[in-house]
Amino acid sequence: MLTLYYAKGSSALAPHILLEEVGAQYAVHEVPIAKGAHREPEYLEINPKARVPALMTPEGVITENPAILTYIAETHPRAEMLPDSPFARAEANTLCAYLCGTVHVAFAHLQRGARWADSTDAQDAMKTKVVTNLNDCAQIIEDRHLKGRWALGDQFSLCDPYLFFVPRWMAKAGADLSQFPKLAAHHDAMLQRPAVLAVMAVHGL
Ligand SMILES: N[C@@H](CCC(=O)N[C@@H](CS)C(=O)NCC(=O)O)C(=O)O
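Given the structure is predicted, the values throughout are model-derived calculations rather than measurements.

What counts and how
Residues numbered from 1 in each chain as written. Predicted model: local features only at pLDDT ≥ 70, side-chain atom pairs only at ≥ 80, totals over all residues. Heavy atoms only, no water. Domains from an automatic or database assignment. Contact = heavy atoms within 4.5 Å. Buried area = accessible area lost by both parts, 1.4 Å probe. Salt bridge = Lys/Arg side-chain N within 4 Å of Asp/Glu carboxyl O. Phe/Tyr/Trp six-rings, centres within 6.5 Å; stacked < 30°, edge-to-face > 60°. Helix = DSSP H or I, 4+ residues; strand = E, 2+ residues; numbered from the N terminus. Buried < 20%, exposed > 50% of the residue type's maximum accessible area, 1.4 Å probe, protein only. Lys NZ or Arg CZ within 6 Å of the ring centre and 35° of its normal. Axes fitted to C-alpha atoms, helices over the stretch in contact; angles between N-to-C directions. Parallel < 35°, antiparallel > 145°, perpendicular 65-115°, else oblique. Near = heavy atom within 4 Å. Polar contact = N/O pair within 3.5 Å; in protein donor to acceptor, adjacent residues only side chain to side chain. Areas by Shrake-Rupley, 256 points an atom, 1.4 Å probe, with all protein chains shown as cover. Nonpolar A, V, L, I, M, F, W, Y, C, P; charged D, E, K, R; others polar. Core = buried A, V, L, I, M, F, W, Y, C linked by side-chain atoms within 4.5 Å. Pairing = 2+ DSSP bridges. Right-handed = clockwise from strand over helix to strand, strands pointing away.

1. Overview of the domain arrangement of the protein
- According to the domain assignment, the protein contains domain 1 (2–79 + 196–202) and domain 2 (86–193).
- Listed per partner, the contact involves 20 residues of domain 1 and 17 residues of domain 2.
- The junction of domain 1 with domain 2 conceals about 1,600 Å² of combined surface from both sides, 67% of it contributed by carbon and sulfur atoms.
- Inspection of the domain 1/domain 2 interface yields 2 salt bridges.
- The closest approach of N and O atoms between Glu 21 and Arg 193, which form a salt bridge, is 2.8 Å.

Listed below in structure tokens is the structure:
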């Protein structure tokens, strides 16, 4: 049995959607980060980084969205959430790594600037760059990574629930999604999927 540790509305939504999409047997455990539950000793034993998501598996805990998404895809091969060819897999990895290491971090400068600077002036300066940085990321995704109706083309994959977050991050930051028609269409297509709607309801979205 898998257990997903999640906070409502957090990026844990991505693996949560993927678990639903692949028909996994799983449980969820809410970690309300707004109440600081991710910093409590019980959760730090699960993930000492004090972040969600984390996925408890029979072999141990996995953290970091790209690793969690890949694990779910690889343990449910019949759902075909990872492409077969090494090159297409590398493209999937590239997008997930970009979302994790660049886009999510660019968004985090909006509310989590204290991770990088103590001075409020510096934190405010970081906030002023968030929309520009997210727009730059969105342009790269629009031009290079979004290959069709779904991220990798015609086939829904592990990238799609993660990519779903980009418009959400942009909206929270006040960026204008209408400049990115492919990303906007992807977001609309995600909202047509029963698994996405079911998981969003659990997250109160
Ligand atoms: N690189 C991590 C980022 C996880 C992350 O930053 N999660 C946020 C929620 S979306 C979090 O736990 N924030 C709590 C905090 O910053 O204190 C991943 O991809 O899983």
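2. A closer look at the packing of aromatic side chains
- Counted by the stated rule, this structure contains 4 aromatic pairs.
- Taking the centre distance of 5.9 Å and the plane angle of 50 degrees together, the rings of Tyr 5 and Tyr 43 count as tilted. Linking Tyr 5 in strand 1 (residues 2–6) with Tyr 43 in helix 2 (residues 41–46), this pair joins segments that are 38 residues apart in sequence.
- Exposure remark for Tyr 5: the relative accessible area of 12% places this residue in the buried category.
- Each ring, one from Trp 150 and one from Phe 156, has its centre 5.1 Å from the other, and the planes form 80 degrees; the classification is edge-to-face. For the pair Trp 150 and Phe 156, one class covers both residues: buried.
- Chaining the aromatic ring pairs together yields one cluster made of Phe 107, Phe 165 and Trp 169.
- When the ring centre of Phe 165 is taken as reference, the NZ or CZ atom of Arg 168 above it lies at 6.0 Å.

3. A closer look at the packing of helix 1 (residues 13–21) against helix 3 (residues 65–75)
- Where helix 1 meets helix 3, the closest approach of the two axes is 10 Å, and the angle between their N-to-C directions is 5 degrees. By the angle between their directions, the pair helix 1 and helix 3 is classed as roughly parallel. Counting all contacts with helix 1, which are made through Ala 14, Pro 15, Leu 18 and Leu 19, the residues of helix 3 involved are Asn 65, Ile 68, Leu 69, Ile 72 and Ala 73.

4. Quick notes on the site of the ligand
- Taken together, 14 residues sit near the ligand, with His 38, Val 52, Glu 64, Asn 65 and Arg 115 positioned nearest.
- Contacts to the ligand include Arg 115, whose side-chain N or O atom sits 2.7 Å from an oxygen atom.
- Out of a free accessible area of 510 Å², the ligand has 89% covered by protein chains.
- By residue class, the composition of the shell around the ligand is 4 nonpolar, 5 polar and 5 charged.
- Residue assignment places the shell around the ligand across two domains, with domain 1 (2–79 + 196–202) and domain 2 (86–193) each supplying three or more.

5. Things to note about the nonpolar core
- Of all hydrophobic cores here, the largest spans 57 residues; its most connected members are Val 103, Ile 141, Leu 158, Val 166 and Leu 183.
- With 9 residues, helix 4 (residues 86–111) is the single largest residue contributor to this core.
- Counting only domains with at least three residues in this core, you end up with domain 1 (2–79 + 196–202) and domain 2 (86–193).
- The contacts of Ile 141, once residues within four sequence positions are left out, are Leu 95, Tyr 98, Leu 99, Val 103, Leu 146, Leu 163, Val 166 and Leu 183.
- Counting 8 residues, the second-largest nonpolar core is a separate cluster that includes Val 31, Tyr 43, Val 52 and Ala 54.

6. Description of the pairing of strand 2 (residues 26–30)
- Bridge count between strand 1 and strand 2: 5 bridges; the pairing is parallel. Within strand 2, the residue paired with Leu 2 across the bridge is Tyr 26.
- Since strand 1 and strand 2 lie parallel, the crossover through helix 1 that links them has a hand, and here it is right-handed.

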